[in-house]
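Take a look at the letters that make up each chain.
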Amino acid sequence: MKKSVCGLEINYLCKGEGETVLILHGWGSNIGVHSAMIDLLAQKYRVIAPDLPGFGESEEPDEPWSVDNYVDFILEFIKDFNVSKLTLLGHSFGGRVIIKLCARELPFSVEKVILVDAAGVKPQASSEQKFKQAVYRKTKWVFSTALVKKVCPNLLDDLRKKNGSADYNAASETMKKTLVNVVNEDLTELMPCVTCPALLIWGRNDTATPLSDGQTMEKLMPESALVVLENAGHFSFLDQSAQFLRILASFMNI
């Protein structure tokens, strides 16, 4: 289904009946990867899942967004569904949006939160990483000078591709700037705002948002519990699908 939100054409799915569960996917992903959990939840709940702006079949913003822009989008998106209470489920970047959403004054109550390998803890750079970042900044400055750009116009782009993550390199220019805005924001101070029952599900081998992030969230969110899935990475809900669905069904009383 499609609808216009914040001037953008948004693709979304709505399935099932009952109290509402809103699912937010991760960076570079889309609602398709959540099909198994959507089918499970739709047995008892109305499940709503949008392709967030810039992903899947939804239009991307005209200018770079921040996490706050995505929160504003969610609040506008959900208006038409007449929601008085809501359960929020987010993977990775979707979890980041949920944490910031819970820090707002909301027109609905949040009954439960489920965060899966969620983002929101800004990683601390090691000494080696800090050195590489310093070298990158200095090299970028040199490559940005008029003379170098005139003689070797592709050097700066090549440098960015070499040093950028896979998500960064795959994004449009607008979404690259959005990614930079997003990953540089630390949400640890807002995590105590998640005061409802919160289930944290993490892959033991997650390297994108490591298990230590989940442990930090468990300490800061007063009603949270952390479940660790063995032999699973950042997409723990796919790596250990059967176990994940059993845990989700138990938490949601299905």
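Just so it is clear, the structure is predicted and the values come from calculations on it, not from any experiment.

Engineer: I keep staring at the pairing of strand 5 (residues 85–91) and nothing clicks. Help me out?
Structural biologist: Side-chain positions along a regular strand alternate between the two faces of the sheet. Within strand 5, 6 of the 7 residues are buried, leaving the element largely enclosed by the surrounding structure. Pairing analysis gives 5 bridges linking strand 3 (residues 20–24) to strand 5, with the strands arranged parallel. By the bridge assignment, Ile23 is partnered in strand 5 with Leu89. Pairing between strand 5 and strand 6 (residues 109–116): 7 bridges, direction parallel. Of the residues in strand 6, the one forming a bridge with Thr87 is Lys112. For the crossover that starts at strand 5, traverses helix 3 (residues 93–101) and ends in the parallel strand 6, the hand is right-handed.

Engineer: Would you mind going over the nonpolar core with me for this structure?
Structural biologist: General note: in soluble globular proteins, nonpolar side chains tend to be found buried as a group. Formed by 49 residues in total, the largest nonpolar core has its most connected members in Leu22, Phe77, Leu88, Val113, Leu115 and Met217. If you tally residues by element for this core, the top one is helix 2 (residues 67–77), at 7 residues. Setting aside chain neighbours within four positions, we find Leu115 in contact with Gly90, Gly95, Ile98, Ile99, Leu199, Leu200, Ile201, Trp202, Met217 and Met221. In terms of nonpolar packing, the next biggest core, distinct from the first, is built from 24 residues, Ile23, Ala42, Val47 and Leu248 among them.

Engineer: How should I be thinking about the environment of Thr209 in this particular structure?
Structural biologist: Note that Thr209 resides in the loop between strand 7 (198–203) and helix 9 (211–220). The residues contacting Thr209, other than those within four sequence positions of it, are Asp117, Ala118, Ala119, Trp202 and His234. Side-chain polar atoms of Thr209 contact the side chain of His234, separated by 3.2 Å.

Engineer: Just to check I follow, could you spell out the side chain of Ser236 for this structure?
Structural biologist: Relative to the assigned elements, Ser236 resides in helix 10 (residues 236–239). A relative accessible area of 0% places Ser236 in the buried class. Setting aside chain neighbours within four positions, we find Ser236 in contact with Val116, Asp117, Ile201, Trp202, Gly203, Leu229 and Ser241.

Engineer: Would you explain the side chain of Asp206 in this entry?
Structural biologist: Counting through the fold element by element, Asp206 comes out in the loop between strand 7 and helix 9. Non-local contacts of Asp206, meaning those with residues more than four positions away in its chain, are made with Asp117, Leu211, Ala232, Gly233 and His234.

Engineer: Please clarify how the pairing of strand 7 should be interpreted in this entry.
Structural biologist: Counting buried positions along strand 7 gives 6 out of 6 residues, so the element sits mostly inside the fold. Of the two faces of strand 7, the one holding Ala198, Leu200 and Trp202 and the one holding Leu199, Ile201 and Gly203 are both buried throughout. Here strand 6 pairs with strand 7 via 4 bridges, running parallel. Of the residues in strand 7, the one forming a bridge with Val116 is Ile201. Here strand 7 runs beside strand 8 (residues 224–229); their pairing, made up of 6 bridges, is parallel.

The rules behind these values
Residues numbered from 1 in each chain as written. Predicted model: local features only at pLDDT ≥ 70, side-chain atom pairs only at ≥ 80, totals over all residues. Heavy atoms only, no water. Buried < 20%, exposed > 50% of the residue type's maximum accessible area, 1.4 Å probe, protein only. Helix = DSSP H or I, 4+ residues; strand = E, 2+ residues; numbered from the N terminus. Pairing = 2+ DSSP bridges. Right-handed = clockwise from strand over helix to strand, strands pointing away. Core = buried A, V, L, I, M, F, W, Y, C linked by side-chain atoms within 4.5 Å. Contact = heavy atoms within 4.5 Å. Polar contact = N/O pair within 3.5 Å; in protein donor to acceptor, adjacent residues only side chain to side chain.

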